[in-house]
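# Geometric and topological summary
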Amino acid sequence: MDALYVSDLSKAFGGAKALDDVTVSVEAGEIHGLVGRNGSGKSTLIKILSGYHAPDAWGSFQVAGKAAELPLMPGQPASLGLCFVHQDLGLLNTLSVLENFRVARYKAAPLGRIKWRNERRHAARVLESFGLEVPLDASVGQLAPVDRALVAIARALSDASEHEGGTLVLDEPTSFLPRDGVERLFSGMRRVAAEGLGVVFVSHRLEEILSITDRVTVLRDGRNVATVGTPGLQEDDLIEMILGQKVEESFTSGSGSLGGVKLSIAHLTGPNVHDLSFEVREGEILGLTGLAGMGHEAVVYLAFGAQRASHGSVVLDGREIPAHSISPRAAIKAGIALLPGDRLNSSGVGSLPVSYNVSLPVLNKYFSGGWLREKSEIGEVERLIRGLEVRPPEPTRLLGSLSGGNQQKALLGKWLQTHPKALFLDEPSQGVDVAARKEIFSQVRTLASEGTAIVISSTDWEDLAHVCDRVLIFRYGRIVAEVSGEAVSEDRLIELCYSTSVQGETV
Amino acid sequence: MSDITASTGTGSATATEDEQPAGSVRAPFGVYLERYGIIGIWALIVIIFSLLRPQSFATLTNLKTILGTQAVLLVLTLGLLVPLTVGEFDLSVASMMSFAAIVVAELSGVHHLNLVISILVTLAIGIGVGLLNAFVVVRLGVSSFITTLGIGTLLGGLSYGISGSVTIGSIPSVLVTVASRDVFGLPLAFYYGVALCFLVWYIFQHTPLGRHLVFVGEGREIARLSGLPVRRIRTGSLIVSALVASFAGLLQAGVVGAADPGAGTSFLLPAFAAAFLGSTAIRPGRFNAWGTFVAVYFLVTGITGLELLGYTGWVQDVFYGGALVIAVALGRLVATSRARSR
């Protein structure tokens, strides 16, 4: 009997097929991996199973042998024995473990009174059966990340426990887990499978897929390209199935004419980053990447002082700034600029004019004779944003009234005019249209050619391959691979991000 | 401060095209209406009251009374604009004001301390209170709304304690002269208020510091990542409001010729009403000096007129309370309609 069976599932969004005749079956007692690139249809599949999307077409749908109609109504998946734990876990961190258990249940005594004694007994039983030793009254926020994940799973299962069989779907639960936590999560998953439930495990981390699953389904461009047994499966084969092409083995490395070392990061340590050291040369564009949660996203914020680093230093042009004295103010003074990823919360104020936003770091230069020369400010900002092809090039417009791409160009201009010695960019092309993306990267290249050291943190591998001289790949807060010159290709970056065999290798 | 933000009332998505760039299109009529509409309404109620009470309202004496007596409120509100712009509340300004009046009266009037020293001590206490507010708000991270509510209440209690719950009538004549001497028919306090208006207008609109205040208020994280000394700016704003409030207390003691420990409570709501109503005029969407000037006198004109019509006592609270809510609601409406039209 299948724990979960869905056949011939199709779903299109505005003409683009997200799922195309997909059939998936999960056996009872099996841990079943689900992998694919972003946009391969994984999340659409899960959203249909959880009742969020309605499919365009489907053949049959069964959970633990019971057939049901799609689309599912709210609450219906749980009553069928289908439960989900999403990446964010859905726990309320300020409430206790017991209260979190209670949140998902609706049984109450007359007058809406909660029978806490019964609840307590119930929760204790569930946690115990799960081998989880956490105090019921501890607030969830204080638990270790892995305990939190296990509480979320235990809670999800307790809702479905009245059923014979069923399926637990884990949607990237390991993204924010440290490595030692993953093992405990796995033993929890094995326990669930041993009770005769099916487990669907979604992860980008292929070594996890290979070590825990019995079978794996690979989605590519909305199609199920393979469902294969995991034992004996090689990582390279899996990557090939995900990408749909053979991974090139040989690369020629080549670097352009770069100057001496401009910026070096030494022993930088902070949340998600361990003892990190690297150098950026004059005129070099360096990319930092990895799968979500692997630490590359924190580096520029730590080095800029936006987040506190616990240890390490930043050396720019031979001048050292130790970790404890790095602040955005000190970094800017030293000649570092940061274009943050969260545009309207960290980068520019949407409710203020473009001119205010752009000239903020250089405002003093318009202050002469005790007067802020607004006319010359507006004139200069207009010249600047015209040069960056911001549309419309009107400095008095509110920043928030521009499109994402134009906002980003204007905010890049904000930092370009300070002539930084080093420029950090975090996800510079997120929510940015193709034309603006091109403009942004051509500006970045020009800046590099003038000798600025550039660090781009991104998971857009296409962009990185396009613009970077060198890319560092992160895993668990450390650099595990480096590619440079001709070797920087999208496929190579994807392979390195997913693959584990490249530990510490330098290409 | 993410839970309560001072600029909430005026809306975060508001525009300012205060100075049109050279050669750009003329601002549409609606923009003028929004900016100067309050002056039109002001003129209208002046005309109505003048017609209704030509003997008492439309007199030079009444004009002088209106301009003179509200100068203290104007000064107090102008100080309050600074933390409001930065995104912090300061609910302690009114109590700080009456506390300062009590202190200066007690020191110079009762204990016959040298007036200059008494004034300096009073102002120093103002700075100290501002530092205390800032320590709790900026260093300890407590909401400014709660902190200043507590400190304000504490100061109000101290005022009663020091004065023995009675009005202190012995104010040195020099202080009375400096505050209320007539110059061209108006008390000096009025000119101080106008001078402070110019100062606030200059700093807010014509210096980099004014811009920095706005950025800290509208996007604290953005300001921090742009290298602004955000904590110093927030600290400074709370010190300024307390210092200006203690200056207002000196003026109040001089203008009235006495120090009333309970005077502060009747100033708190008017100050906030004037600040928020002022933020819907002249530079809509931004706390601004001249908008505040207009708002203070607009509100007091309405109240004076109503009182001359015979509605006394209770009408003041009704008017100020109503004005505060209407001002904040107007600001919100303007902000949303602008956001939609773009």
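The following paragraphs examine the structure supplied in this document. (Residues numbered from 1 in each chain as written. Chains lettered and ligands numbered in written order. Predicted model: local features only at pLDDT ≥ 70, side-chain atom pairs only at ≥ 80, totals over all residues.)

## Some thoughts on the overall build of chain B
When its secondary structure is counted, chain B shows 14 helices and two strands. Each of the 342 residues in chain B was classed as buried or not, and the buried ones make up 52%. Long-range pairs, those at least 24 residues apart, make up 78% of the contacts in chain B between residues at least 6 apart in sequence. (Helix = DSSP H or I, 4+ residues; strand = E, 2+ residues; numbered from the N terminus. Buried ≥ 20, exposed ≤ 12 C-beta atoms within 10 Å, placed from the backbone. Contact = placed C-beta atoms within 7 Å.)

## A closer look at the overall build of chain A
Secondary structure assignment for chain A yields 17 helices and 23 strands. Here the C-alpha radius of gyration of chain A, 26 Å, is about what a compact globule of 507 residues would show, namely 23 Å. Here the C-alpha coordinates of chain A stretch approximately 80 × 60 × 45 Å along the principal axes. Counting the 507 residues in chain A, one finds 47% classified as buried. (Rg over C-alpha atoms; globule rule 2.2 N^0.38 Å.)

## What to know about the sheet that holds strand S14 (residues 311–316) of chain A
Residue and element names in this part refer to chain A. Strand order in the open sheet made by the four strands is S12-S11-S14-S15, with antiparallel pairing throughout. Each having just a single partner strand, strand S12 (273–281) and strand S15 (319–322) make up the two edges of the open sheet. If you compare each strand with its neighbour and ignore which way they point, the axes differ by 15 degrees on average. Pairing of strand S11 (residues 261–270) with S14, which is carried by five bridges, proceeds in the antiparallel orientation. Along S14, the bridge assignment pairs Leu263 with Leu316. (Pairing = 2+ DSSP bridges. Axes fitted to C-alpha atoms, helices over the stretch in contact; angles between N-to-C directions.)

## Notes on helix H7 (residues 173–180) of chain B
Residue and element names in this part refer to chain B. Those residues of H7 that fall on the buried side of the exposure criterion are Leu175, Ala179 and Ser180. Seen along its axis, H7 keeps its buried residues to an arc of 100 degrees; they face one direction. For H7, the exposed residues set more than 90 degrees away from the buried face come down to Ser173, Val174 and Thr177. Among the structural elements, helix H5 (115–139), strand S2 (186–187), helix H8 (188–206) and helix H11 (230–256) are those in contact with the buried residues of H7. (Arc of directions from axis to C-beta.)

## Thoughts on unusual backbone geometry
Residues and elements named next belong to chain A. The linkage connecting Leu70 with the following residue, Pro71, adopts the cis geometry, with an omega of -5 degrees. On the secondary structure map, Pro71 appears in the loop between strand S5 (66–67) and helix H2 (76–80). Geometrically, the link from Arg391 to Pro392 is a cis peptide bond, its omega value of -10 degrees lying close to zero. Looking at where Pro392 falls in the secondary structure, it is placed in the loop between helix H13 (374–387) and helix H14 (404–416). Of note in this structure, Glu389 is not a glycine but carries a positive phi near 60 degrees. The topology assignment puts Glu389 in the loop between H13 and H14. The backbone of Tyr476 shows a phi angle near 50 degrees, a positive value even though the residue is not glycine. By the element assignment, Tyr476 lies in the loop between strand S21 (470–475) and strand S22 (478–484). The class of Tyr476 is partly exposed, set by 14 C-beta atoms lying within 10 Å.

## Digging into helix H3 (residues 71–86) of chain B
Residue and element names in this part refer to chain B. Between the first and last C-alpha of H3 there are 24 Å, a value that for 16 residues agrees with the 22 Å anticipated at 1.5 Å per step. With respect to burial, H3 is a largely interior element, 16 of its 16 residues being buried. Looking one or two places after H3, you find Gly87, whose phi comes out positive at around 95 degrees. (Expected span 1.5 Å × (residues − 1).)

## Quick notes on the interface of chain B and chain A
Listed by partner, the interface residues are 24 residues for chain B and 28 residues for chain A. When contributions to the side of chain B that touches chain A are tallied by element, the ones reaching two or more residues are helix H9 (208–218) and helix H10 (220–225) of chain B. With five residues, H9 of chain B is the largest single contributor of residues to the side of chain B that touches chain A. In the side of chain B that touches chain A, the residues fall into 10 nonpolar, seven polar and seven charged. (Nonpolar A, V, L, I, M, F, W, Y, C, P; charged D, E, K, R; others polar.)

## Considering the environment of His466 of chain A
The topology assignment puts His466 of chain A in helix H16 (residues 461–467). Sequence spacing of His466 of chain A and Phe441 of chain A is 25 residues, and the spatial spacing of their C-alpha atoms is 8.9 Å.

## Brief notes about the packing of H5 of chain B against helix H6 (residues 144–163) of chain B
Residue and element names in this part refer to chain B. Between H5 and H6, whose axes approach to 9 Å, the crossing angle comes to 145 degrees. The hand of the H5/H6 crossing is right-handed. When H5 is examined against H6, the residues Val129, Leu132, Asn133, Val136 and Val137 are found in contact with a partner set consisting of Ser144, Thr147, Thr148, Ile151 and Leu155. Its residues placed into classes, the contact of H5 with H6 shows six nonpolar, four polar and no charged. (Left-handed = near helix turned anticlockwise from the far one by under 90°.)

## Quick look at the sheet that holds strand S4 (residues 61–63) of chain A
Residue and element names in this part refer to chain A. Strand order in the open sheet made by the four strands is S2-S1-S4-S5, with antiparallel pairing throughout. The open sheet has two edge strands with one neighbour each: strand S2 (16–27) and S5. One ladder, built from eight bridges, connects strand S1 (residues 2–13) with S2; its direction is antiparallel. Each residue of the ladder has a partner; that of Val6, found in S2, is Val24. Here helix H1 (residues 42–49) sits on the sheet and contacts S1 and S2; the angle it forms with S2, its principal contact strand, is near 65 degrees.

## Topic: the nonpolar core
Core analysis: the largest hydrophobic core is formed by 241 residues, its most contacted members being Phe424 of chain A together with Val75, Leu76, Leu251, Ala271 and Leu299 of chain B. If one sorts the elements of this core by residue count, H11 of chain B sits on top with 15 residues. Setting aside its immediate chain neighbours within four residues, Ala271 of chain B contacts Leu73, Leu76, Thr77, Leu80, Val93 and Ala94 of chain B. (Core = buried A, V, L, I, M, F, W, Y, C linked by C-beta atoms within 7 Å.)

Scope: geometric values only; no functional claims are made or implied.
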